Amino acid sequence: MGYAMNMSVRHDVVLVRHGQTEWSATGKHTGRTDVPLTEFGRRQAEALGAMLGGADFAQVLSSPLTRAWETMERAGYAGGTATDDLMEWDYGIFEGRRTLDIRDEIPNWSVWVNEIVSGESVDEVGERADRVIAAVLEADGPVAIFAHGHMLRILAARWMGLPPVLGASLGLDTATVSTLGWERENRVIRHWNESCHLRSMDPAP
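All of the points below concern the structure found in this document. Note on numbering: residues in each chain are counted from 1, in written sequence order. With pLDDT at 70 or above as the cut-off, local features in this predicted model cover only qualifying residues; side-chain atom pairs require 80 or more to be listed or tallied, and sums for whole chains, interfaces and linings still use all residues. Heavy atoms from the whole structure form the basis of all side-chain values; hydrogens and water molecules are not counted.

**Focus on the pattern of salt bridges**
Turning to step 1, where the next piece is worked out: When a carboxyl oxygen of Asp or Glu lies within 4 Å of a side-chain nitrogen of Lys or Arg, that pair is called a salt bridge. Inspection of the entire model under this criterion finds 10 salt bridges.
Turning to step 2, where the next piece is worked out: The partner of R42 in a salt bridge is E39, and the shortest N-O contact between them spans 3.4 Å. Separated by three residues within a single helix, R42 and E39 lie in helix α2 (residues 39-52), roughly one turn from each other.
Turning to step 3, where the next piece is worked out: The closest approach of N and O atoms between R158 and D130, which form a salt bridge, is 2.9 Å. Residue R158 is located in helix α6 (residues 149-159), and its partner D130 is located in helix α5 (residues 122-136); the two are separated by 28 residues in the primary sequence.
Turning to step 4, where the next piece is worked out: Burial classification: accessible surface area is computed with a 1.4 Å probe over protein chains only, and a residue below 20% of its type maximum counts as buried, one above 50% as exposed, and the rest as partly exposed. The partly exposed category is assigned to R158, whose relative accessible area is 21%. Only DSSP runs of H or I covering at least 4 residues are called helices, and only runs of E covering at least 2 are called strands; the numbering of each starts at the N terminus.

Written out as structure tokens, the structure reads:
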């Protein structure tokens, strides 16, 4: 099925989560470590391009990290603009670790609840998301954003005017497309977590 956008006066924002990496395949928190796509992740990125169907965007934004940037390029949108505000959550001392392993030391630990030592709070990530949204609202047409799981979940929550922590309720797989849009004057989620046909079962970090 082709991927259709709502070309209304209030423009849609298409969110693309990057393809698989070695760390996503093993459920590791991958923040600022510049882990590349796996070969499977590269094929997913190309499949995402087919899913987007060459849609014309007024602006294409990407995290500068390789996994997002290469996904953008392989999806057919080379020439986008990198912005540090779209980088993944800085997980501090929890970088590269799985939630299950962290919980052996800190029972019931959650990135959404516990202090992220030497990293960012969820509200600080939300502030970055707000800056991205402000820029998107100035665009003169639909916008595509290539970025990361937690960042995009928080951005979607903030799009709807919700606290950043409610991104916890918006599960998002690798190599997926989601759409933020409008219902009259209200900012809404139009589609969420639509997978490309190359499906990976990467565990949650």
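**Regarding the sheet that holds strand β4 (residues 143-147)**
Turning to step 1, where the next piece is worked out: The sheet built from six strands is open, its strands ordered β3-β2-β4-β1-β5-β6 with mixed pairing. Of all strands in the sheet, those bounded by a partner on one side alone are β3 (81-82) and β6 (186-195).
Turning to step 2, where the next piece is worked out: One requirement defines pairing of two strands: DSSP has to find at least two bridges between them. Pairing analysis gives four bridges linking strand β2 (residues 59-62) to β4, with the strands arranged parallel. Across the sheet, L61 pairs through a bridge with I145, a residue of β4.
Turning to step 3, where the next piece is worked out: This element, α6, spans β1 (13-17), β4, β5 (176-183) and β6 of the sheet and lies at about 155° to β6. Should any heavy atoms of two residues lie within 4.5 Å, those residues are considered in contact. Note on geometry: axes are C-alpha line fits, over the in-contact stretch for helices, and angles between N-to-C directions span 0 to 180 degrees.

**Considering the environment of S118**
Turning to step 1, where the next piece is worked out: The topology assignment puts S118 in the loop between α4 (99-102) and α5.
Turning to step 2, where the next piece is worked out: With a relative accessible area of 61%, S118 lands in the exposed category.
Turning to step 3, where the next piece is worked out: Measuring from C-alpha to C-alpha, the distance between S118 and T26 comes to 23 Å, with 92 residues separating the pair along the chain.
Turning to step 4, where the next piece is worked out: Sequence-distant contacts of S118, that is, excluding residues within four places in its chain, are made with D90, G92 and I93.

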